[in-house]
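Coordinate inspection notes
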Amino acid sequence: MAVVLVGSSVPSGYATVAPRDWRYTVSSDVSASTPNSPAQPQGPAQPTALYGGQGTRRVTVRDIAAAKGRHEKWPMLTAYDALSARVFDEAGIPVLLVGDSAAMVVYGYDSTIPVTVDDLVPLAAAVVRGAKRAMVVADLPFGSYQASVPEALASATRFMKEANVQAIKVEGGRRILPQVEAMVAAGIPVMGHLGLTPQSVNAFGGYRVQGRGEDGERLLADAKALEAAGAFSVVLECVPDELARRVTAALSVPTIGIGAGEGTDAQVLVWQDMAGLTPHTAKFVKKYADLYSVLGDAAREYAEEVVAGTFPTPEYSYR
C-alpha cells in the first residue's frame, strides 16, 4: 500500500514545503522508485490488521488510511509514561495518545486547561521510548496553538523534535484551519478533534453532548474542512450516534469516537478510565478492570505486613 497526496494550493508563505490538501488515500502501488529500477528489499512482512500486530516498524498514517479502506475498526488508548506505553504496545494497541487529559489523571487538575507544553513534552517522550510499534500522538494543550500559525508551528515542532512523536492533535474546526494547513504543509501529521472539545469546556458551560440539531450540520462542515486541510483523522467526542455515523460516512479519513457510538472507525478511552482506576467516569466509559480496588488492596496488604513485621522475609533479603 502507498499513500497518494492529492492537492494543489498552499497557504501564503508555505509554497515551498508541501501541498495544502493532503489526502491519505491508498493505492495498490508498493514500488518506491522508477519503473525500471530493481525491486527493493521490503524487510519482514507487516501484519495487515492494525490491532494486535507485532511489526518491526511503527504504525503510520498510511496504515491508518488503509484500515479505513478495509472497514477495519481499531482501538486507541491514552498513555502518559513509558511503562503503561509498553504494556499497551505489547497488547497490540496501534495508536497511543498523550492527551491533555494528563492535566487531570497525572497532575490532578479539574480540567485540561492548566496543562502546558512543558508539562506534556516529557510525558510524550516517555511514551515514545516505551512503545516500539504504536503511533504516538500528542495533544497540543490549550493556549499553545489557537492564537496564530507561528505559535501552532512552534508548539507542534517541540513535540516532534523533543519528544519524537509521530503526530499531534488539535481541538476545533474551521476556526483553526490556518494552523492545521500550516502544520500539514510543514510535514506534521495532524489529528483533528470535534464535538465536546474539553479545552472549550468553559464556553460550553460544562461537559455535555454536542452536535444536536443545527449544531450537527456545523460539526459535519467542520469535519469536512479539517479533512480538506489535511487532517489524517478526526476524533468525535460526545456526539449523537447518528451524527457520528454521518460524519464517518462523509469522510475518507478515519473517525475516532469517544462517547460517539459504534459507528466510528475507531474508539479511544483514557486508559485510567478503561481500567477502572478513576472512581467516577462518564456514561460512555466501560470499565474493563477494577484497578482502583486492586491497587488499594495491594497497598493495604503491604502496609499490614510491614506493620506486623512479616515483610520482608528471608526470601526477600540478601545474605
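The chain is annotated in an unreviewed UniProt entry as 3-methyl-2-oxobutanoate hydroxymethyltransferase of Actinomadura harenae. UniProt's Catalytic activity (unreviewed entry) comment on the chain is quoted here verbatim: "(6R)-5,10-methylene-5,6,7,8-tetrahydrofolate + 3-methyl-2-oxobutanoate + H2O = 2-dehydropantoate + (6S)-5,6,7,8-tetrahydrofolate". Quoted verbatim from the Sequence similarities (unreviewed entry) heading of the UniProt record, the comment on the chain is "Belongs to the PanB family."

Things to note about the pairing of strand β8 (residues 233-237)
When a strand is regular, its side chains alternate between the sheet's two faces. Of all five residues that make up β8, five are buried, and the element is covered over most of its length. Residues S233, V235 and E237 of β8 are buried on one face, and the alternating residues V234 and L236, pointing to the opposite face, are buried as well. With five bridges joining them, strand β7 (residues 190-195) and β8 adopt parallel strand pairing. Its bridge partner lying in β8, M191 is registered against S233. Judged from the four bridges that link them, β8 and strand β9 (residues 255-258) form a sheet pairing that is parallel. Bridge assignment links V235 to a residue of β9, and that residue is I256. Note on the crossover from β8 through helix α9 (residues 241-250) to β9: the handedness is right-handed.

As for helix α2 (residues 82-90)
Within α2, burial applies to S84, A85, F88 and D89. The arc that holds every buried residue of α2, seen down its axis, measures 135 degrees, which confines them to one face. In α2, those exposed residues whose orientation departs by more than 90 degrees from the buried face are L83 and E90. Packed against the buried residues of α2 are β3 (74-78), β4 (95-98), α4 (117-130) and α10 (271-274).

Regarding unusual backbone geometry
Here the residue pair F311 and P312 is connected by a cis peptide bond, since its omega of 5 degrees sits within 30 degrees of zero. Tracing the backbone through its elements, the reader meets P312 in the segment after α11 (291-308). Even without being glycine, N164 reaches a positive phi, approximately 65 degrees. Mapped onto the elements of the fold, N164 is located in the loop between α5 (149-163) and β6 (167-169). The backbone of C238 sits at a positive phi, close to 50 degrees, despite the residue not being glycine.

Examining the UniProt feature "binding site: 3-methyl-2-oxobutanoate" (unreviewed entry) in the chain
When the UniProt feature table is mapped onto this chain numbering, "binding site: 3-methyl-2-oxobutanoate" (unreviewed entry) sits at D100, S101, D139 and K169. The named residues occupy 70 residues along the chain; their greatest pairwise C-alpha distance, 12.5 Å, places them in one compact cluster. Considering the arrangement of structural elements, one finds D139 in strand β5 (residues 135-139). Look at D139 and you get buried, because its relative accessible area is 2%. Apart from the residues within four sequence positions on either side, D139 is in contact with L97, V98, G99, D100, L120, F159 and K169. One can find K169 in strand β6. Those residues in contact with K169 that lie beyond four places of it in its chain are L97, V137, A138, D139, L140, M191, G192, H193 and V235. Among the polar contacts listed, one links the side chain of K169 to the side chain of D139, at a separation of 2.7 Å.

Looking at a nonpolar patch on the surface
On the surface, a cluster of nonpolar side chains totalling about 420 Å² of accessible area is made up of Y302, V306, F311 and Y316. Inspection of the secondary structure assignment puts V306 in helix α11.

Quick word on the confidence of the model for the chain
Per-residue pLDDT for the chain averages 86, and the proportion of residues at 70 or more is 83%. Within the model, the stretch residues 1-46 combines pLDDT values under 50 with 65 contacts to residues more than four positions away or in other chains.

Description of the packing of aromatic side chains
Tallied over the full model, the rule gives three aromatic pairs. Ring geometry for Y302 and F311: centres 6.1 Å apart, planes at 70 degrees, overall edge-to-face. Note on Y302: relative accessible area 52%, which makes it exposed. Classification of F311 as partly exposed rests on a relative accessible area of 33%. An angle of 50 degrees between the planes, with centres 5.7 Å apart, marks the rings of F311 and Y316 as tilted. The exposed category is assigned to Y316, whose relative accessible area is 52%.

Parameters and conventions
- Within any chain, residue numbers begin from 1 and follow the written order of that chain's sequence.
- Given that this is a predicted model, residues contribute local features only at a pLDDT of at least 70 and side-chain atom pairs are listed and counted only at 80 or more, while totals for whole chains, interfaces and linings are drawn from all residues.
- As a convention, hydrogens and water are excluded, and side-chain values are obtained from all of the structure's heavy atoms.
- UniProt positions are given in the numbering used here, feature names are shortened, and annotations may be inferred rather than shown by experiment.
- We call a residue buried when its accessible area falls under 20% of the maximum for its residue type, exposed when it is over 50%, and partly exposed in between, using a 1.4 Å probe and counting protein chains only.
- Strands here are runs of E lasting at least two residues and helices are runs of H or I lasting at least four, both read from the DSSP assignment and numbered beginning at the N terminus.
- We call two strands paired when DSSP finds no fewer than two bridges between them.
- A clockwise course of the path from the first strand over the helix to the second, judged with the strands pointing away from the viewer, identifies a crossover as right-handed.
- Here, the arc refers to the directions that run from the helix axis to the C-beta atoms.
- The contact criterion used throughout is that any non-hydrogen atoms of two residues lie within 4.5 Å.
- The term polar contact refers here to a pair of N or O atoms within 3.5 Å; inside protein, the definition further demands a hydrogen-donor-capable atom paired with an acceptor-capable atom, and it admits residues adjacent in sequence only when both atoms are side-chain atoms.
- Exposure above 30% relative accessible area and the lack of any salt bridge qualify a residue for a patch; like charges then connect within 9 Å, and the nonpolar side chains Val, Leu, Ile, Met, Phe, Trp and Tyr within 5 Å.
- Per-residue accessibility takes into account occlusion by the displayed protein chains alone, with areas from the Shrake-Rupley method and a 1.4 Å probe.
- Criterion for a salt bridge: a side-chain nitrogen of Lys or Arg within 4 Å of a carboxyl oxygen of Asp or Glu.
- In predicted models, pLDDT denotes the confidence assigned by the predictor to each residue on a 0 to 100 scale.
- Any pair of Phe, Tyr and Trp rings, taking the six-membered ring for Trp, is counted once the centres come within 6.5 Å. Such a pair is stacked with planes under 30 degrees apart, edge-to-face with planes over 60 apart, and tilted for the rest.

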